[in-house]
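Now for the letters of each chain:
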Amino acid sequence: MSNDCLFCRIAAGEIPSEIVAEGEGWLAFRDIQPQAPVHLLVIPREHVESAAELDSVPALGGELLQAVARVATQEGLHDEGFRVVTNVGERAGQSVMHLHFHVLGGRRMHWPPG
Ligand code: DGP
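Here's a quick rundown of the structure. All figures in this text were calculated on a predicted structure; none of them were measured in a lab.

1. Description of the pairing of strand β2 (residues 26-30)
Here's step 1: Most of β2 sits inside the fold, with 4 of its 5 residues counted as buried.
Here's step 2: Pairing geometry for strand β1 (residues 19-22) and β2, over 3 bridges, is antiparallel. Along β2, the bridge assignment pairs Ile 19 with Phe 29.
Here's step 3: Linking β1 back to β2 in an antiparallel pair, the connection comprises 3 residues.
Here's step 4: Two elements, β2 and strand β3 (residues 38-44), share 5 bridges in a ladder whose sense is antiparallel. Opposite Arg 30, over in β3, you have Leu 40 as the bridge partner.

This is how it looks when you write it as C-alpha coordinates:
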(Lines give C-alpha, C1' and ligand atoms only; values in the text may rest on other atoms or scores of the structure.)
Protein backbone atom coordinates (compact mmCIF):
# COMPACT_ATOMS: atom_id res chain seq x y z
CA MET A 1 0.00 0.00 0.00
CA SER A 2 1.11 3.53 -0.79
CA ASN A 3 0.23 6.09 1.91
CA ASP A 4 0.01 8.91 -0.57
CA CYS A 5 -2.30 7.00 -2.94
CA LEU A 6 -5.97 7.94 -2.58
CA PHE A 7 -7.30 4.58 -3.80
CA CYS A 8 -4.90 2.59 -1.59
CA ARG A 9 -6.32 4.55 1.33
CA ILE A 10 -9.89 3.84 0.20
CA ALA A 11 -9.01 0.13 -0.13
CA ALA A 12 -7.56 0.20 3.39
CA GLY A 13 -10.74 1.81 4.75
CA GLU A 14 -8.89 4.97 5.79
CA ILE A 15 -10.99 7.14 3.49
CA PRO A 16 -14.73 6.44 3.39
CA SER A 17 -16.37 5.34 0.16
CA GLU A 18 -19.63 3.73 -0.84
CA ILE A 19 -18.45 0.18 -1.47
CA VAL A 20 -20.92 -1.90 -3.49
CA ALA A 21 -18.97 -5.17 -3.79
CA GLU A 22 -15.60 -6.63 -2.94
CA GLY A 23 -13.51 -9.71 -3.50
CA GLU A 24 -10.19 -10.97 -2.25
CA GLY A 25 -8.12 -8.84 -4.58
CA TRP A 26 -10.49 -6.01 -5.54
CA LEU A 27 -13.26 -3.67 -4.50
CA ALA A 28 -15.92 -1.64 -6.28
CA PHE A 29 -17.27 1.67 -5.02
CA ARG A 30 -19.29 4.60 -6.34
CA ASP A 31 -17.44 7.40 -8.10
CA ILE A 32 -17.60 10.65 -6.14
CA GLN A 33 -18.20 12.61 -9.38
CA PRO A 34 -20.65 10.38 -11.27
CA GLN A 35 -20.82 10.84 -15.03
CA ALA A 36 -23.86 8.59 -15.43
CA PRO A 37 -26.71 7.35 -13.20
CA VAL A 38 -24.50 4.35 -12.36
CA HIS A 39 -20.79 5.12 -12.10
CA LEU A 40 -18.62 2.63 -10.25
CA LEU A 41 -14.89 2.22 -9.93
CA VAL A 42 -13.37 -1.26 -9.76
CA ILE A 43 -9.87 -1.27 -8.31
CA PRO A 44 -7.28 -3.83 -7.24
CA ARG A 45 -6.40 -3.84 -3.53
CA GLU A 46 -2.72 -3.88 -4.42
CA HIS A 47 -1.15 -0.75 -5.80
CA VAL A 48 -0.82 -1.00 -9.57
CA GLU A 49 -0.41 2.31 -11.36
CA SER A 50 -2.47 1.67 -14.48
CA ALA A 51 -3.56 -0.89 -17.04
CA ALA A 52 -0.21 -0.38 -18.74
CA GLU A 53 1.35 -2.44 -15.92
CA LEU A 54 -1.04 -5.40 -16.17
CA ASP A 55 1.33 -7.40 -18.33
CA SER A 56 3.58 -7.83 -15.29
CA VAL A 57 0.84 -8.74 -12.77
CA PRO A 58 -0.32 -12.29 -13.58
CA ALA A 59 -4.09 -12.90 -13.59
CA LEU A 60 -5.06 -9.50 -12.18
CA GLY A 61 -6.60 -8.17 -15.42
CA GLY A 62 -8.90 -11.16 -15.71
CA GLU A 63 -9.91 -10.97 -12.06
CA LEU A 64 -10.77 -7.27 -12.38
CA LEU A 65 -12.80 -7.76 -15.57
CA GLN A 66 -14.71 -10.56 -13.88
CA ALA A 67 -15.42 -8.13 -11.05
CA VAL A 68 -16.61 -5.55 -13.61
CA ALA A 69 -19.08 -8.07 -15.03
CA ARG A 70 -20.26 -9.00 -11.57
CA VAL A 71 -20.91 -5.45 -10.37
CA ALA A 72 -22.54 -4.46 -13.67
CA THR A 73 -25.00 -7.33 -13.25
CA GLN A 74 -25.51 -6.43 -9.59
CA GLU A 75 -26.35 -2.85 -10.62
CA GLY A 76 -28.90 -4.08 -13.19
CA LEU A 77 -26.81 -3.17 -16.25
CA HIS A 78 -26.38 -6.65 -17.73
CA ASP A 79 -29.21 -6.39 -20.28
CA GLU A 80 -29.31 -2.67 -21.03
CA GLY A 81 -25.58 -2.35 -21.60
CA PHE A 82 -22.82 -0.34 -19.98
CA ARG A 83 -19.41 1.13 -20.68
CA VAL A 84 -16.07 0.09 -19.19
CA VAL A 85 -13.25 2.64 -19.35
CA THR A 86 -9.76 2.77 -17.97
CA ASN A 87 -7.68 5.87 -18.54
CA VAL A 88 -3.94 5.31 -18.76
CA GLY A 89 -1.73 8.27 -18.02
CA GLU A 90 -2.44 11.96 -17.52
CA ARG A 91 -2.73 12.59 -21.26
CA ALA A 92 -5.58 10.05 -21.48
CA GLY A 93 -7.38 11.59 -18.51
CA GLN A 94 -6.06 9.48 -15.62
CA SER A 95 -6.14 11.63 -12.48
CA VAL A 96 -5.67 8.92 -9.82
CA MET A 97 -2.56 6.85 -10.45
CA HIS A 98 -3.99 3.59 -9.11
CA LEU A 99 -5.53 1.29 -11.70
CA HIS A 100 -9.30 1.57 -11.90
CA PHE A 101 -12.01 0.53 -14.30
CA HIS A 102 -14.92 2.94 -14.61
CA VAL A 103 -18.25 1.14 -15.03
CA LEU A 104 -20.83 3.55 -16.46
CA GLY A 105 -24.48 2.88 -17.17
CA GLY A 106 -28.07 3.93 -16.80
CA ARG A 107 -28.07 6.24 -19.82
CA ARG A 108 -27.30 6.10 -23.54
CA MET A 109 -23.58 6.41 -24.27
CA HIS A 110 -22.02 8.25 -27.20
CA TRP A 111 -19.00 7.52 -29.34
CA PRO A 112 -16.32 8.66 -29.99
CA PRO A 113 -15.30 9.78 -26.48
CA GLY A 114 -13.61 13.16 -26.11
P1 DGP B 1 -9.60 9.00 -13.64
O2 DGP B 1 -9.78 10.46 -14.00
O3 DGP B 1 -9.84 8.05 -14.80
O4 DGP B 1 -8.27 8.80 -12.95
O5 DGP B 1 -10.75 8.70 -12.60
C6 DGP B 1 -10.64 8.98 -11.24
C7 DGP B 1 -12.03 8.97 -10.69
O8 DGP B 1 -11.95 8.92 -9.28
C9 DGP B 1 -12.86 10.24 -11.02
O10 DGP B 1 -13.99 9.87 -11.81
C11 DGP B 1 -13.30 10.77 -9.67
C12 DGP B 1 -13.02 9.63 -8.73
N13 DGP B 1 -12.61 10.04 -7.40
C14 DGP B 1 -11.63 10.91 -7.09
N15 DGP B 1 -11.49 11.03 -5.77
C16 DGP B 1 -12.42 10.19 -5.22
C17 DGP B 1 -12.76 9.86 -3.88
O18 DGP B 1 -12.20 10.34 -2.89
N19 DGP B 1 -13.77 8.96 -3.71
C20 DGP B 1 -14.42 8.39 -4.77
N21 DGP B 1 -15.40 7.53 -4.49
N22 DGP B 1 -14.11 8.67 -6.04
C23 DGP B 1 -13.12 9.56 -6.26
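2. As for the site of the ligand
Here's step 1: Taken together, 16 residues are adjacent to the ligand, and Arg 30, Asp 31, Asn 87, Ser 95 and His 102 come closest.
Here's step 2: Between His 102 and the ligand, the recorded distance is 2.8 Å, taken from a side-chain N or O atom to an oxygen atom.
Here's step 3: For the ligand, the accessible surface in isolation is 510 Å², of which the surrounding protein chains cover 85%.
Here's step 4: When contributions to the shell around the ligand are tallied by element, the ones reaching two or more residues are α1 (6-11) and β2.
Here's step 5: With 3 residues, the single largest contributor to the shell around the ligand is α1.
Here's step 6: Considering only residue class, the shell around the ligand consists of 7 nonpolar, 7 polar and 2 charged.

Here is what the cut-offs are and how they apply
Residues numbered from 1 in each chain as written. Predicted model: local features only at pLDDT ≥ 70, side-chain atom pairs only at ≥ 80, totals over all residues. Heavy atoms only, no water. Buried < 20%, exposed > 50% of the residue type's maximum accessible area, 1.4 Å probe, protein only. Helix = DSSP H or I, 4+ residues; strand = E, 2+ residues; numbered from the N terminus. Pairing = 2+ DSSP bridges. Near = heavy atom within 4 Å. Polar contact = N/O pair within 3.5 Å; in protein donor to acceptor, adjacent residues only side chain to side chain. Areas by Shrake-Rupley, 256 points an atom, 1.4 Å probe, with all protein chains shown as cover. Nonpolar A, V, L, I, M, F, W, Y, C, P; charged D, E, K, R; others polar.

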